[in-house]
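An overview of the molecular structure
Residues per chain are reported as follows:
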Amino acid sequence: MIPQLVTARWRRKDGRTGRLFLPVIPIVIVLSPLLVLTVIGGIVACFMFDMPPFRTLAGVGRFFWALPGARFEIEQGPTAVSVSVR
């Protein structure tokens, strides 16, 4: 299952919190021309560094397939950031 929604929350130094919801599908549709160029650049880089392009693409696909349910939390001093992928 591909991720549907990415939620980012942060806490500022003064204690206020912010939240940002990012829908994945509309963002991918808008950025799809850049996605095609990125895939082509990745395949060229695979040939430059002598890596099998299809296995590398499969590994990247597995990474994105495993993202739903992932949570990343970073806290440094009074600032905190939390990102969850649904």
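The rules behind the values
- Residues numbered from 1 in each chain as written.
- Predicted model: local features only at pLDDT ≥ 70, side-chain atom pairs only at ≥ 80, totals over all residues.
- Heavy atoms only, no water.
- Salt bridge = Lys/Arg side-chain N within 4 Å of Asp/Glu carboxyl O.
- Helix = DSSP H or I, 4+ residues; strand = E, 2+ residues; numbered from the N terminus.
- Buried < 20%, exposed > 50% of the residue type's maximum accessible area, 1.4 Å probe, protein only.
- Pairing = 2+ DSSP bridges.
- Axes fitted to C-alpha atoms, helices over the stretch in contact; angles between N-to-C directions.
- Contact = heavy atoms within 4.5 Å.

**Here's the deal with the pattern of salt bridges**
Counted according to the given criterion, the structure contains 3 salt bridges. Here E75 and R11 are joined by a salt bridge, their closest N and O atoms 3.4 Å apart. Pair noted here: E75 is in strand β3 (residues 71-76) and R11 is in strand β1 (residues 5-11), with a separation of 64 residues, a long-range link. On the accessibility criterion, E75 (59% relative accessible area) is exposed.

**Focus on the pairing of strand β2 (residues 17-23)**
Inspection of the sheet shows β1 paired to β2 by 7 bridges, in the antiparallel sense. Paired with R11 across the bridge in β2 is T17. The loop that links β1 with its antiparallel partner β2 comprises 5 residues; one of these, G15, has a positive phi angle of about 95 degrees.

**Overview of the sheet that holds β3**
Spatially, 4 strands are ordered β2-β1-β4-β3 in an open sheet, and the strand pairing comes out antiparallel. Of all the strands in the sheet, just β2 and β3 have a single pairing partner and so form its edges. Direction aside, neighbouring strands of the sheet carry axes that sit 10 degrees apart on average.

**Focus: the environment of V83**
Looking at the element boundaries, V83 is found in strand β4 (residues 79-85). Take V83: its relative accessible area is 24%, and that puts it in the partly exposed class. Leave out the neighbours within four places in its chain, and V83 touches V6, T7, A8, A70, R71 and F72.

**Observations concerning the environment of P78**
Summarising the element assignment, P78 is placed in the loop between β3 and β4. In this structure P78 comes out as partly exposed when scored by relative accessible area, which is 45%. Along the chain, P78 and C46 lie 32 residues apart, while their C-alpha atoms are 42 Å from each other. Aside from chain neighbours lying at most four places away, what touches P78 is R11, R12 and K13.

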